[in-house]
Amino acid sequence: MPCFAAFAFAVAIPVAAPQDPPVPTATDYERWARAIEPDEQERSYEQIAWRNAFGSAIAEARALGRPVLLWAMNGHPLGCT
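Figured I'd write up the structure that's included with this text. Please read these numbers as outputs of a predicted model, since none were measured by experiment.

Re the overall build of the protein chain
- Check the secondary structure of the protein chain and you find three helices and zero strands.
- Starting at the N terminus and ending at the C terminus, the protein chain contains elements arranged as α-α-α.
- Per-residue burial over the protein chain gives 5% buried out of 81 residues.
- With the model as given, the accessible surface of the protein chain reaches about 8,200 Å², and the carbon-plus-sulfur share is 62%.

Laid out in structure tokens, this is it:
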């Protein structure tokens, strides 16, 4: 009986009709631009002095007594494989 009750409840839930996505217009362009562009906190990673050569990064980290973050990946950077 509990299975039937769960099924009946799931069938009885109304499904909302899909809505058209909002479209930016000339009058609200600035609001859209502020919402889409990253703010200062979201761009804080740009302040890090990233290194693109592992050997020289290791040498620099040893000299400064700091750790090294090795970021390695395989495939397309956007996951489009």
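Next comes the rest of the write-up.
Thoughts on the pattern of salt bridges
- This model, assessed by the stated rule, comprises three salt bridges.
- Across the pair Arg43 and Glu46 runs a salt bridge whose closest N-O atoms are separated by 3.1 Å.
- By relative accessible area, which is 40% here, Glu46 ends up partly exposed.
- Here Arg51 makes a salt bridge to Glu60, at a shortest N to O gap of 2.7 Å.
- In this structure Arg51 comes out as partly exposed when scored by relative accessible area, which is 43%.

Things to note about the environment of Ala57
- With respect to the element layout, Ala57 can be found in helix H3 (residues 54–64).
- When the C-alpha positions of Ala57 and Leu70 are compared, they lie 9.6 Å apart, and in sequence the two are 13 residues distant.
- In contact with Ala57, not counting residues within four places along its chain, are Arg51 and Val68.

What counts and how
Residues numbered from 1 in each chain as written. Predicted model: local features only at pLDDT ≥ 70, side-chain atom pairs only at ≥ 80, totals over all residues. Heavy atoms only, no water. Helix = DSSP H or I, 4+ residues; strand = E, 2+ residues; numbered from the N terminus. Buried < 20%, exposed > 50% of the residue type's maximum accessible area, 1.4 Å probe, protein only. Areas by Shrake-Rupley, 256 points an atom, 1.4 Å probe, with all protein chains shown as cover. Salt bridge = Lys/Arg side-chain N within 4 Å of Asp/Glu carboxyl O. Contact = heavy atoms within 4.5 Å.

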